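Read off the chains here:
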Amino acid sequence: MSAPDGSPVGAERSIGQLFASATTEMSALVHDEIALAKAQLKQDVKRGAMSGGAFSVAGAVLVFSLPMLNFALAYGIRTWSDWNLAICFLLSFAANVLVAVLLALIGVGFAKKAKKSKGPQKVAASVKETAGVLQKAKPHPRPELPQDRLPEAIEAVARSSS
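### Comments concerning the overall build of the protein chain
(1) Moving on: A count of helices and strands for the protein chain gives four helices and zero strands.
(2) Moving on: In sequence order, the secondary structure elements of the protein chain are arranged as α-α-α-α.
(3) Moving on: With 162 residues in all, the protein chain has 15% of them scored as buried.
(4) Moving on: A separation of at least 24 residues holds for 57% of the contacts in the protein chain among residues at least 6 apart in sequence.
(5) Moving on: A total accessible area of about 12600 Å² is found for the protein chain, and carbon and sulfur atoms account for 69% of it.

### Topic: a nonpolar patch on the surface
(1) Moving on: Residues Phe93, Val97, Leu98, Val101, Leu102 and Leu105 make up a contiguous nonpolar surface patch of roughly 540 Å² in combined accessible area.
(2) Moving on: With respect to the helices and strands, the residue phenylalanine 93 is situated in helix 2 (residues 85-116).
(3) Moving on: Given the relative accessible area of 39%, phenylalanine 93 is considered partly exposed.

### Structural notes on the confidence of the model for the protein chain
(1) Moving on: Across the protein chain, the average pLDDT comes to 78, with 73% of residues at 70 or higher.
(2) Moving on: Averaged pLDDT values over the elements of the protein chain bottom out at 54 in helix 4 (residues 151-161) and peak at 88 in helix 2.

### Quick notes on the packing of aromatic side chains
Two aromatic rings, taken as a pair, are described by how far apart their centres are and by the angle between their planes.
(1) Moving on: In the structure shown here, the tally under the stated rule is two aromatic pairs.
(2) Moving on: An angle of 90° between the planes, with centres 5.4 Å apart, marks the rings of phenylalanine 71 and phenylalanine 89 as edge-to-face. Of this pair, phenylalanine 71 sits in helix 1 (residues 15-81) while phenylalanine 89 sits in helix 2, placing them 18 residues apart in sequence.
(3) Moving on: Accessibility expressed as a relative area gives 25% for phenylalanine 89, which makes it partly exposed.
(4) Moving on: Seen from their ring centres, tyrosine 75 and phenylalanine 89 are 6.0 Å apart, and the 75° between their planes marks the pair as edge-to-face.

### Quick look at the environment of glycine 109
(1) Moving on: Structurally, glycine 109 can be placed in helix 2.
(2) Moving on: For the pair formed by glycine 109 and alanine 54, sequence separation is 55 residues and the distance between their alpha carbons is 9.8 Å.

### Topic: helix 1
(1) Moving on: With 67 residues, helix 1 ought to run about 99 Å at 1.5 Å a step, and its terminal C-alpha atoms sit 92 Å apart, in line with that.
(2) Moving on: The sharpest bend along helix 1 measures roughly 55° and falls at serine 65, with the proline proline 67 sitting one to four residues further on.
(3) Moving on: Trailing helix 1 by a residue or two, aspartate 82 shows a phi angle of about 65°, which is positive.

Rules and cut-offs
Residues numbered from 1 in each chain as written. Predicted model: local features only at pLDDT ≥ 70, side-chain atom pairs only at ≥ 80, totals over all residues. Heavy atoms only, no water. Helix = DSSP H or I, 4+ residues; strand = E, 2+ residues; numbered from the N terminus. Buried < 20%, exposed > 50% of the residue type's maximum accessible area, 1.4 Å probe, protein only. Contact = heavy atoms within 4.5 Å. Areas by Shrake-Rupley, 256 points an atom, 1.4 Å probe, with all protein chains shown as cover. Patch = residues over 30% accessible without salt bridge, like charges linked within 9 Å, V, L, I, M, F, W, Y side chains within 5 Å. Salt bridge = Lys/Arg side-chain N within 4 Å of Asp/Glu carboxyl O. pLDDT = per-residue confidence, 0-100. Phe/Tyr/Trp six-rings, centres within 6.5 Å; stacked < 30°, edge-to-face > 60°. Expected span 1.5 Å × (residues − 1). Bend = angle between axes of the 7 residues up to and from the residue.

See the structure below:
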């Protein structure tokens, strides 16, 4: 098993390696948060499109079916009941309005689902939570370094080898 930077787990890593590893992981976290936001926005747009489609179908049904359905239904009611033709036309119009109202209610249902979705707000809250956790993070206590591993000794070795 190895760390994200390729070094074996448990091996001592330099501050630069640790910082590079933390930066890489932070970048990956930000990219994942952005991908999550995109996915949630895509779902919200899809719900909105479904709502708009249902409203469009409701309008199309009301507009394009009125003439044919009104005539067919009115003459059918007249044939079955011997009522006045005007009453038959009113009944056929009421049936068309009922269908349009049902389709509009379906559209309202999809619109409410799209409006209730809190995708971007969830992502923003998650990012704030992550930032809060990272701000409160404290480094782990380090064990005492042996005498030959003190920072002054390491610095002296680094100067002598350069």
